[in-house]
Amino acid sequence: MAKEILGNHYNATETKTDKNTSSLSIVTPEDINPFLNDISIPEDDTDYNENGDFELALKNTYVHSLANTYLTLQAKHFLTDSALQTLIDGISDIYDISQKNVCSFLKAKKISPDVIKVVKNQNLFDHAHNSANGVLRSPYIRKKFYKKEFNYVEPVEVLLEKSGKKKVFFMYIPILETIKVLMANTNFYDQWKTIRTCQKNVYTDFFDGECYRNSTFFKDNPSAFQIILYQDAFEICNPLGSSRKIHKIVGIYMTIANVPSYNRSKTDHIQLVALCYESSIKKFGFDKVMDIIIRDINILELEGILIKDEIIKGTVVAVCGDNLGSHQIGGFVENFSTSSHMCRYCEISKKLMSVQNSYTDPISLRTQHSYEIDVAIAATSGEPSKGVKFDSVLNKCMFFHVCNPGLPPCLAHDVYEGVLQCDFMLCLNNLIAKKYFTYDYFNDKIQKIRFISESKYENIPTIKKSEKLPGNASENCRILQIFPFALHELSFEDEPAWEMLLKLREINLLLMAPKLSVIHIAHLRLMIYDYIELRTTLFSNTPLRPKHHYLKHYPFLIKKFGPLKHLWTLRFESKHLYFKNVLKHSPNFKNVLHTLSERHQLLQSQIMTHGYGTVFTNKATSDDAVPYVSEDFELVVAACISNSSPLPLNQKLLVSQRVTFRGITFSKNMYVCIAKTEDDDFVLCRIKHIIVNEFYTNLLFVGNEVKITRNKALGLFEETEKVNNNVITGCNFGDLLSHEPLFVYLSSSNKLLFSFKSAPFEYSD
């Protein structure tokens, strides 16, 4: 049963040892399999009863392995209690038949009855499931075992209102307890402890941004936890059915920015903080829900928590969400169509928003001081002041404020479901009206695109005459990335609509880059203003939207937060799918918040207890890696590998044709960018071999050198030199100009066309 909180205080059911520690027991890998390290299996005829430690360890490990399997089936693969019990009963019958067969065989061989009795007594499956004291014998007992033996952080019921027997509440998963479990994970702890160096004028992650570098809190506490919160409302039922809005839930999630972005983005690593009905938010406000969260954040800010004999502090660094959610929790107006001020970053009015587009236009950015003035005015007048309605509950944090800034934008909502969704169709309709091509021609070409060594870009929604692209954020982004390949056979010389599409695509390449220099940011600013000016000129009858204005703030916000790709909401939104699947496979709506929070926390306990080797890992994975033997390779290839300093030959090397590293898959015949020439062309490597070090923490790409040059009319790149199979080059993963392989397309004229998936990196002091 979840613990209950009344108001802002834990009730007596929660036990605390002191202000820095709690009753939560952290399980380490050694706790689960102690005999693997300390107890050897007897090799002689010693009676097992004389080896009680071994027998007990074996039984415990067996039970933990079974429990891990059962919990994985239930929490990750959504098997119901009844289905799992049916499976266990079936396995039990099979196990009994197998044991009877063994005993019958031993009896036929005239083996001593004492031996047969010993065999019967060593039934480990019965030890776990017998009806008298088996620790996994029933759904209720199994759940108790999970919570006791795994790293389970129990959801807490927070009471909002009680009227008779009816309670209005939400579920809270204590942040401090969650952080302790995370720090018990070796991979997470090592990455948290790793000192990350900042390169001058380069932005790779949040810690490069001014919000972090200028923070006195992080200067005084360099190892402090950097908490990123996310909040969003989502439907767990069919949004078009009769249950629409009845079970609409607001989810609050958390991730820690101290670990690299490629680990933060995995859904298993995104932690649940709270689940609440949207109707409760509307009735009681965000303050009631956030109070307990802010209380724990304040403890973390002022007192810290004890981790391995060290007091570690932390605070919120960003609260992500879509525009509506960010304005709602930030105290800003939520009506973007009629409000006089609708930007949470500056005080520009709606009237000026549609006419200002000069690089030197004055923009009065919001500050903590100006926000407080507007809060006071709004409180006195009862009306919003410059778009501010009330003081955000988030400002109760000691070292966070929504106007520092603290509410980053989301590329998916602003660009792919905003600017791109509308502007792409404006241009496409314009080009079709001028008879460059038809909708059928465009759909046929774009859906038949097949890239070399790529498969995931095949499903493109059919486009019809409309004001908006029909796809979701990911699909719209995909269309923007690949549309030049579909139309490369046509000529659009001096066509402004085509130029506008290419500018929007170039802006997207910069926004998708995981690593940006000051050159990139300056170029992005120019491109955005040029794009909006061209759009205003070309489609003067179609007014700009607020999201066009938000786009102007992106260069400034990148300097504050680092690359905005690392803070978009798509990865957080993918977490919603888990909760929808829970109810899809077990449609019990009697106590939804309890069910969802408990099931999620059971899943997290399984991941953080038995998945310790795979979560928060930075290691490469490969199914075909074999030991590298230099004699098996051509001399030029072997020489290239031996001359590569990142992978010294005193390490055992492996060679593979397909490797996944940091969320990116590389395979033979893919092209990666390794250098830029003085003529602004790029040098690629067509992969022949992928060399992996023995620790699976580094890659070396070896292959043929290819040079490409930009075709400005198409917005693509072409080969400047054909591949020379005698020219072998190599490049370490960390030295790639773009970490993702390029799009490569063979045109109808047998010419290879190339495109980056994000802007290649260039550095300047």
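Just above, that's the structure.
Because the structure is predicted, anything quoted here is derived from the model rather than measured. (Residues numbered from 1 in each chain as written. Predicted model: local features only at pLDDT ≥ 70, side-chain atom pairs only at ≥ 80, totals over all residues. Heavy atoms only, no water.)

Student: Quick question: what am I supposed to make of the overall build of the protein here?
Tutor: Secondary structure summary: the protein contains 27 helices and 23 strands in total. Residues counted as buried form 52% of the 765 residues belonging to the protein. Considering only intrachain contacts with a sequence separation of at least 6, the fraction spanning at least 24 residues in the protein is 69%. A total of about 35400 Å² of accessible surface is found on the protein, and carbon and sulfur atoms cover 51% of it. (Helix = DSSP H or I, 4+ residues; strand = E, 2+ residues; numbered from the N terminus. Buried < 20%, exposed > 50% of the residue type's maximum accessible area, 1.4 Å probe, protein only. Contact = heavy atoms within 4.5 Å. Areas by Shrake-Rupley, 256 points an atom, 1.4 Å probe, with all protein chains shown as cover.)

Student: Explain the environment of Ala 233 here, please?
Tutor: Here Ala 233 shows up in strand 6 (residues 225–235). A residue is classified by how much of its surface remains accessible, and Ala 233, at 26% relative accessible area, is partly exposed. Contact partners of Ala 233, with chain neighbours within four places excluded, come to Lys 248, Ile 249, Val 250 and Glu 278.

Student: In this structure, what is going on with the nonpolar core? I would like to understand it.
Tutor: One broad trend across soluble globular proteins is that nonpolar side chains are buried collectively. With 183 residues, the main nonpolar core has Phe 225, Ile 227, Met 290, Ile 293, Tyr 416, Phe 424 and Phe 483 as its most contacted residues. Looking at this core element by element, the count peaks at 12 residues for helix 17 (residues 411–433). When sequence neighbours within four positions are dropped, the list of residues in contact with Met 290 reads Leu 229, Ile 252, Ile 329, Val 393 and Leu 394. In terms of nonpolar packing, the next biggest core, distinct from the first, is built from 19 residues, Ile 674, Cys 731, Phe 733 and Leu 736 among them. (Core = buried A, V, L, I, M, F, W, Y, C linked by side-chain atoms within 4.5 Å.)

Student: When you look at a negative patch on the surface in this model, what are you seeing that I'm missing?
Tutor: Taken together, Asp 89, Asp 93, Asp 96 and Asp 126 make up a surface patch of like negative charges. Of all the elements, helix 4 (residues 81–108) adds the most residues to the negative patch, at 3 residues. (Patch = residues over 30% accessible without salt bridge, like charges linked within 9 Å, V, L, I, M, F, W, Y side chains within 5 Å. Salt bridge = Lys/Arg side-chain N within 4 Å of Asp/Glu carboxyl O. Lys, Arg positive; Asp, Glu negative; His and termini not counted. Charge placed at Lys NZ, Arg CZ, Asp CG, Glu CD.)

Student: I keep staring at the environment of Ser 92 and nothing clicks. Help me out?
Tutor: Following the sequence through the fold, Ser 92 ends up in helix 4. Each C-alpha atom of the pair Ser 92 and His 129 lies 8.5 Å from the other, and the pair is 37 residues apart in sequence.

Student: Sorry, what's going on with the pairing of strand 4 (residues 166–172) here?
Tutor: By the criterion of burial, strand 4 is predominantly enclosed, with 5 of the 7 residues buried. Across 7 bridges, strand 3 (residues 156–163) lies against strand 4 in antiparallel orientation. In the sheet register, Leu 159 faces strand 4, and the bridge partner there is Phe 169. Joining the antiparallel neighbours strand 3 and strand 4 is a turn of 2 residues, in which Gly 164 adopts a positive phi near 70°. Relative to strand 8 (residues 271–277), strand 4 runs antiparallel, the two being bridged by 2 bridges. When the bridges of strand 8 are listed, Met 171 appears paired with Leu 275. (Pairing = 2+ DSSP bridges.)

Student: Before we go on, may I ask you to explain the packing of helix 8 (residues 175–183) against helix 13 (residues 278–302) in this structure?
Tutor: Working note: a packed helix pair is described by the angle between its axes plus the distance between those axes. Where helix 8 contacts helix 13, the axes come no closer than 9 Å and their chain directions differ by 55°. Looking at the two axes, helix 8 sits oblique to helix 13. Here Ile 175, Leu 176 and Ile 179 of helix 8 come into contact with helix 13, specifically with Ile 293, Asp 296, Ile 297, Ile 299 and Leu 300. (Axes fitted to C-alpha atoms, helices over the stretch in contact; angles between N-to-C directions. Parallel < 35°, antiparallel > 145°, perpendicular 65-115°, else oblique.)

Student: Which parts of the structure should I look at to understand helix 19 (residues 473–486)?
Tutor: Residues lying three or four places apart along an α-helix face the same way, a consequence of the helix completing one turn every 3.6 residues. Between its first and last C-alpha, helix 19 extends 20 Å over 14 residues, near the 20 Å set by a 1.5 Å rise per residue. Of the residues making up helix 19, those classed as buried are Ala 473, Asn 476, Cys 477, Arg 478, Ile 479, Leu 480, Gln 481, Ile 482, Phe 483, Pro 484, Phe 485 and Ala 486. By the N-cap criterion, in which a side-chain oxygen at the helix start approaches the backbone nitrogen of a residue two or three places on, helix 19 is capped by Asn 472, the distance to Ser 474 being 3.2 Å. (Expected span 1.5 Å × (residues − 1). Polar contact = N/O pair within 3.5 Å; in protein donor to acceptor, adjacent residues only side chain to side chain.)

Student: Sorry if this is basic, but what is going on with a nonpolar patch on the surface here?
Tutor: The grouping of Leu 302, Met 398 and Phe 399 at the surface amounts to a nonpolar patch, some 290 Å² of accessible area in total. Take Leu 302: it is sitting in helix 13.

Student: Explain unusual backbone geometry here, please?
Tutor: Leaving glycine aside, a negative phi is the common case for residues, and trans is the common case for peptide bonds. Backbone torsion omega between Asn 404 and Pro 405 reads 0°, so that peptide bond is classified as cis. Mapped onto the secondary structure, Pro 405 falls in the loop between helix 16 (368–381) and helix 17. Of note, Asp 309 is a non-glycine position whose phi angle comes to about 65°, a positive value. By the secondary structure assignment, Asp 309 is in the loop between strand 9 (305–307) and strand 10 (310–312). Positive phi, normally seen in glycine, also occurs at Tyr 696, with a value near 60°. By the secondary structure assignment, Tyr 696 is in the loop between strand 18 (682–693) and strand 19 (699–711). Judged by relative accessible area, which is 28%, Tyr 696 ranks as partly exposed.

Student: I would appreciate a short explanation of helix 23 (residues 554–561) in the present structure.
Tutor: Most of helix 23 is tucked away: 6 of the 8 residues are buried. Turning to helix 23, its buried residues are Tyr 554, Pro 555, Leu 557, Ile 558, Lys 560 and Phe 561. Phi for Gly 562, located one or two positions after helix 23, is positive at around 85°.

Student: Hey, could you run me through the pattern of salt bridges in this one?
Tutor: As a working rule, side chains carrying opposite charge can pair if their charged atoms are close by. Using the criterion set out here, one finds 21 salt bridges in the structure. Across the pair Asp 268 and Lys 76 runs a salt bridge whose closest N-O atoms are separated by 4.0 Å. Residue Asp 268 is found in the loop between helix 12 (261–264) and strand 8, and its partner Lys 76 is found in helix 3 (residues 52–76); the two are separated by 192 residues along the sequence. On the basis of relative accessibility, which here comes to 40%, the residue Lys 76 falls in the partly exposed class. Residues Glu 334 and Lys 389 are paired through a salt bridge, measuring 3.1 Å at the closest nitrogen-oxygen approach.

Student: Would you explain the pairing of strand 16 (residues 664–667) in this entry?
Tutor: Sheet faces and side chains relate simply in a regular strand, where the side chains alternate between the two faces. As paired elements, strand 15 (residues 658–661) and strand 16 share 4 bridges and run antiparallel to each other. Looking at the pairing, Arg 658 lines up with Ser 667 of strand 16. Here strand 15 folds back onto strand 16, and the loop between the two strands holds 2 residues, one of which, Arg 662, carries a positive phi near 55°.

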